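Chain by chain, the residues:
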Amino acid sequence: VILVSTDGTELSDKAVHTAAKLAKQLNTSVLGIIVVKSQGAESAIKALDDVKDVCERAGTPCEVAEIIGTSVPDSILKTAQERDVRFIVMASRGLGTLGSLFIGSSTQQVLAKADRPVLVVR
């Protein structure tokens, strides 16, 4: 299983597409997650529906989950461990010309703490 974290943005949509294609090539499935502070936010439901749509179009099996947590990186890492995923796919957070050298803090924290491979999509 390949875990992909989304926040519903255009950049994380790129990560979802990458995860779906990669899962298809590796003959595995996608676990799409969004980390929220409280359950049932309309934007979270839409983001997860988008993950399902992308995977369906790619012909990749997919499951989605809304994860309730206060720390995005910790929630991603905990889910990855609990579900024993093969690796994690996340979007970077480009910040313009100079800032594009850096990645988002959640992505950076996952990279620093992960016990499995992390693919960062730009």
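About the thresholds
Residues numbered from 1 in each chain as written. Predicted model: local features only at pLDDT ≥ 70, side-chain atom pairs only at ≥ 80, totals over all residues. Heavy atoms only, no water. Axes fitted to C-alpha atoms, helices over the stretch in contact; angles between N-to-C directions. Helix = DSSP H or I, 4+ residues; strand = E, 2+ residues; numbered from the N terminus. Left-handed = near helix turned anticlockwise from the far one by under 90°. Contact = heavy atoms within 4.5 Å. Nonpolar A, V, L, I, M, F, W, Y, C, P; charged D, E, K, R; others polar. Pairing = 2+ DSSP bridges. Salt bridge = Lys/Arg side-chain N within 4 Å of Asp/Glu carboxyl O.

**Q** Please clarify how the packing of helix 1 (residues 10-26) against helix 2 (residues 42-58) should be interpreted in this entry.
**A** For any two helices packed against each other, the geometry is given by the interaxial angle and the distance between the axes. In the contact formed by helix 1 and helix 2, the axes pass within 9 Å of each other and the chain directions differ by 35°. Where helix 1 crosses over helix 2, the two elements pack in a sense that is right-handed. Residues D13, V16, H17, A20 and K24 of helix 1 lie in contact with helix 2, whose contacting residues are V51, V54, C55, R57 and A58. Tallied by class, residues from the contact of helix 1 with helix 2 come to six nonpolar, one polar and three charged.

**Q** What is the right way to look at the sheet that holds strand 1 (residues 2-5) in this model?
**A** Two modes of strand pairing occur in sheets, parallel and antiparallel, and in both the strands are linked by backbone hydrogen bonds. Pairing in this open sheet of five strands is parallel, and the strands run 3-2-1-4-5 from one edge to the other. Two strands in the sheet have a free side with no partner beyond their single neighbour: strand 3 (62-68) and strand 5 (118-121). Strand-to-strand, the axes of this sheet are offset by a mean angle of 25°, without reference to chain direction. Where strand 1 lies against strand 4 (residues 87-91), three bridges are found, and the strand directions are parallel. What sits directly across from L3, in strand 4, is I88. Packed on one face of the sheet, helix 3 (residues 72-83) meets strand 1, strand 2 (30-36), strand 3 and strand 4 and runs near 145° to strand 2.

**Q** Looking at this structure, I do not really get the pattern of salt bridges. What am I missing?
**A** A side chain with one charge may pair with a side chain of the opposite charge, provided their charged atoms come close. Throughout the structure, instances matching the rule amount to seven salt bridges. Here R83 and E63 are joined by a salt bridge, their closest N and O atoms 2.7 Å apart. Placement of the pair is R83 in helix 3 and E63 in strand 3, with a sequence separation of 20 residues. Ionic pairing is found between E82 and K78, a salt bridge with its closest N-O pair at 3.8 Å. Residue E82 and its partner K78 are located together in helix 3, separated by four residues, close to a single helical turn.

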